[in-house]
Amino acid sequence: TQLLEQSPQFLSIQEGENLTVYCNSSSVFSSLQWYRQEPGEGPVLLVTVVTGGEVKKLKRLTFQFGDARKDSSLHITAAQPGDTGLYLCAGPRDSNYQLIWGAGTKLIIKP
Amino acid sequence: GAGVSQSPSNKVTEKGKDVELRCDPISGHTALYWYRQSLGQGLEFLIYFQGNSAPDKSGLPSDRFSAERTGGSVSTLTIQRTQQEDSAVYLCASSLPPGADEQYFGPGTRLTVT
């Protein structure tokens, strides 16, 4: 069974601090996606990582795909209140049309 | 262009009543998904439509749940004889084929069963 575990479940830090959240599995994924969901909205795709060891940067956000394609991390530098939200990772199930979703990391950045 | 829209945005219903939730996907997106999200949790897959193929209903939690997609566009999720445990946010997403690419989500319908 393919599962995605995200940690921590909840993180509250001060503006300006750095943080890393994780998305782990015992299964290999062909790709992993990271979404951010703000209250009252649906998730919005931030990035897709495809190649083992790949690093992608989106402004202050750095995404990494593990060499074995079983895990991914999201690092935020100098967090801002606008980064507040639920961060979800997702990967395609073997069927290729369904996504398996992690439970998410709820991130709060305090001004 | 317009994104995915859902209606109503909020629905409060009494236990035992039926409810219908509507989703208008992005024009041209042949794949459509329904998910359920409990407070602060991840997404629980409910059902998947792709073009004219038979839908994948494997995620529907009980026979009280059903969904249809008319004309390959608008979809309706129906919950019969609602129970308090059905309270959640119901999200709809659409995507281009093959379906596991970027999914575009609507804002969701928050269902509260009293």
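In this text, all values refer to a predicted model and were calculated from it rather than measured experimentally. (Residues numbered from 1 in each chain as written. Chains lettered and ligands numbered in written order. Predicted model: local features only at pLDDT ≥ 70, side-chain atom pairs only at ≥ 80, totals over all residues. Heavy atoms only, no water.)

S.K.: Explain the nonpolar core here, please?
M.R.: Where a protein is soluble and globular, its nonpolar side chains tend to be buried together. Leu4(A), Leu19(A), Leu32(A), Trp34(A), Phe63(A), Leu74(A) and Ile76(A) are the most contacted members of the largest nonpolar core, which totals 22 residues. When residues of this core are traced back to their parent elements, those giving at least two are β3 (19–24), β4 (32–37), β5 (44–49), β7 (61–65), β8 (71–76), β9 (85–92) and β11 (105–110) of chain A. Once residues lying within four places of it in the same chain are set aside, the contact partners of Leu19(A) are Leu11(A), Ile13(A), Leu74(A), His75(A), Ile76(A), Ala79(A), Leu107(A) and Ile109(A). In terms of nonpolar packing, the next biggest core, distinct from the first, is built from 20 residues, Leu21(B), Leu32(B), Leu46(B) and Tyr90(B) among them. (Core = buried A, V, L, I, M, F, W, Y, C linked by side-chain atoms within 4.5 Å. Buried < 20%, exposed > 50% of the residue type's maximum accessible area, 1.4 Å probe, protein only. Helix = DSSP H or I, 4+ residues; strand = E, 2+ residues; numbered from the N terminus. Contact = heavy atoms within 4.5 Å.)

S.K.: Even after reading the chapter, I still don't get the state of the cysteines, so can you show me in this structure?
M.R.: A disulfide bridge is the covalent bond that connects two cysteines by way of their sulfur atoms. Scanning the entire structure with this criterion turns up two disulfides over all chains. Bridging Cys23(A) to Cys89(A), the disulfide has an S-S length of 2.0 Å. Linking Cys23(A) and Cys89(A), the disulfide has an S-S dihedral of approximately 80° and is accordingly described as right-handed. With Cys23(A) in strand β3 and Cys89(A) in strand β9, the pair connects residues that are 66 residues apart, well separated along the chain. The disulfide that involves Cys23(B) links it to Cys92(B), with 1.8 Å between the sulfurs. Across the S-S bond of Cys23(B) and Cys92(B) the torsion is about -60°, and the bridge reads as left-handed. In this pair, Cys23(B) is assigned in strand β3 (residues 19–24) and Cys92(B) in strand β8 (residues 88–95), connecting sequence segments 69 residues apart. This pair shows no difference in class: Cys23(B) is buried, exactly as Cys92(B) is. (Disulfide = S-S within 2.5 Å.)

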